[in-house]
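# Observations on the three-dimensional arrangement
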Amino acid sequence: MQVTLIRHGKTAGNLAGRYVGRNDVPLCPEGVEEAEQAKKDAARSVVYVSPLLRARQTANILFPNARQTVVEDLKEMDFGDFEGRTADEMADDPVYRKWVEDFCVGACPNGESQAGFRKRVTAALSETLKSAKDDVVIVAHGGVIMAIMAELAEPKKDFYDWYTPNLCGYRATVRSGPSGIVLFDVQPVRYPQ
């Protein structure tokens, strides 16, 4: 079985460098235009998506005939008090600066830690793969893809090494390993194709 992970198209928050985690924002006009320029996959019958609007909009454009199966735990990381703000806006915030100095792994105030986030999204992927009958396509978020790849892909790489631009992602072959799912033979994907 193969899994393809695709990051949603651009949002206004992405363009402004904002932490857009749980905020349910739409694609911006540029994001819609770029997705519409991509090659459509009209044959795909099912696409798994984050419940957030930007992922569902992207899936609608790229896979116009597919039924969307919403996977709640494929939401982006909850940045808590940092949501909707830029790094520049928080440059004088000691809590934010400490979080960044600690490589953004601790819990955001009123949000999620990277460890909890990684556990949530890899469990969601595992459950999705168990219920799938064919190759799986997921449209979600950059952080979701980074977390899944950092946890499950071989060869191992750091979370930040898996940075994923909008309308990009990875295709990988799935196998069961001694400690769970392993993703191997990883290939980058980019839209438009």
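Quick note: structure is the one above.
Owing to the predicted nature of the structure, the values given are computational and were not obtained by experimental measurement.

Rules behind the numbers
Numbering of residues starts from 1 in every chain and runs along the sequence as written. Two thresholds apply to this predicted model, a pLDDT of at least 70 for residue-level local features and 80 or more for giving and counting side-chain atom pairs, whereas whole-chain, interface and lining totals are computed over all residues. Each side-chain value is worked out from all heavy atoms of the structure, with water and hydrogens disregarded. Runs of E in the DSSP output that reach at least two residues are strands. Runs of H or I that reach at least four are helices, and both are numbered from the N terminus. Note that the radius of gyration is over C-alpha atoms, with the globule rule given as 2.2 Å times the number of residues to the power 0.38. Exposed residues in this analysis have more than 50% of their type's maximum accessible area, buried residues have under 20%, and partly exposed residues fall in between, with area computed by a 1.4 Å probe over protein chains only. When checking whether two residues touch, look at their non-hydrogen atoms; a contact exists if any pair is within 4.5 Å. Accessibility throughout is a Shrake-Rupley quantity obtained with a 1.4 Å probe, and a residue counts as covered only by protein chains that appear here. Counted as positive: Lys and Arg. Counted as negative: Asp and Glu, with His and the chain ends omitted from the count. To locate a charge, the coordinates of NZ of Lys, CZ of Arg, CG of Asp or CD of Glu are taken. At least two DSSP bridges between two strands are required for those strands to pair. Every angle, taken between N-to-C directions, lies between 0 and 180 degrees, and every axis is a line fitted to C-alpha atoms, over only the stretch in contact when it is a helix. In this analysis, a patch consists of residues with relative accessible area above 30% that form no salt bridge, clustered at 9 Å for like charges and at 5 Å for the nonpolar side chains Val, Leu, Ile, Met, Phe, Trp and Tyr. What makes a salt bridge here is a side-chain nitrogen of Lys or Arg within 4 Å of a carboxyl oxygen of Asp or Glu, nothing more. We call a set of buried residues a nonpolar core when its members are Ala, Val, Leu, Ile, Met, Phe, Trp, Tyr or Cys and they connect through side-chain atoms within 4.5 Å of each other.

### Notes on the overall build of the chain
Across its full length, the chain holds six helices and six strands. Along its sequence from the N terminus, the chain presents helices and strands in the succession β-α-α-β-α-β-α-α-β-α-β-β. Taking 193 residues into account, the globule formula puts the C-alpha radius of gyration at 16 Å, and the chain, at 16 Å, falls close to it. With the C-alpha coordinates of the chain rotated into their principal frame, the extents come out at 50 × 45 × 25 Å. For the chain, the proportion of its 193 residues judged to be buried stands at 48%. At a minimum sequence separation of 6, the contacts of the chain that also span at least 24 residues come to 63%. Counting every atom, the chain has about 9,400 Å² of accessible surface; 50% of that belongs to carbon and sulfur. Mean positive and mean negative side-chain charge positions of the chain (24 and 27 charges, respectively) differ by 5 Å.

### Side note on the pairing of strand S6 (residues 180–190)
Taken residue by residue, a regular strand's side chains alternate between the two faces of the sheet. Summarising the sheet, strand S5 (residues 168–177) and S6 pair through nine bridges and their orientation is antiparallel. Bridging from a neighbouring strand, Arg171 pairs with Gln187 of S6. Hairpin connection from S5 to S6: two residues lie between these consecutive antiparallel strands.

### Examining the sheet that holds strand S3 (residues 67–70)
Sheet strands line up and pair through hydrogen bonds in the backbone, either parallel or antiparallel. Across the sheet, six strands lie side by side as S3-S2-S4-S1-S5-S6; this open sheet has mixed pairing. Either end of the sheet is taken by a strand with one partner, and the two such strands are S3 and S6. Each strand of the sheet is rotated relative to its neighbour by a mean of 30°, with strand direction disregarded.

### Focus on unusual backbone geometry
At the junction of Glu154 and Pro155, the peptide bond is cis and its omega measures out at 0° in the coordinates. Relative to the elements of secondary structure, Pro155 occurs in the loop between helix H6 (142–152) and S5. The residue Leu167 is not glycine, and still its phi comes out positive at about 60°.

### Side note on the side chain of Thr122
Mapped onto the secondary structure, Thr122 falls in helix H5 (residues 114–131). In this structure Thr122 touches Ala147, Ile148, Glu151 and Leu152, once residues within four positions along its chain are discounted.

### Points about a nonpolar patch on the surface
Taken together, the side chains of Phe103, Val105 and Tyr160 define a hydrophobic patch exposed on the protein surface, amounting to about 320 Å² of accessible area. The residue Val105 is located in the loop between helix H4 (94–101) and H5 in this model. For Val105, a relative accessible area of 40% gives the class partly exposed.

### Overview of the nonpolar core
Judged by nonpolar contacts, the single largest core of 39 residues is most densely connected at Val3, Trp99, Ile138, Ile148, Met149 and Leu183. The set of elements that each furnish at least two residues to this core consists of strand S1 (2–7), strand S2 (46–49), H4, H5, strand S4 (136–140), H6 and S5. Per-element accounting of this core gives the leading share, eight residues, to H6. Excluding anything up to four places from it in sequence, Trp99 contacts Tyr19, Met77, Phe79, Phe82, Cys104, Val105, Gly106, Ala107 and Cys108. By size, the runner-up hydrophobic cluster in this structure holds 16 residues, among which are Ile61, Phe63, Val139 and Tyr191.

### Looking at the environment of Tyr191
By the element assignment, Tyr191 lies in the segment after S6. Considered as a pair, Tyr191 and Asn65 are 126 residues apart in the sequence and their alpha carbons are 18 Å apart.

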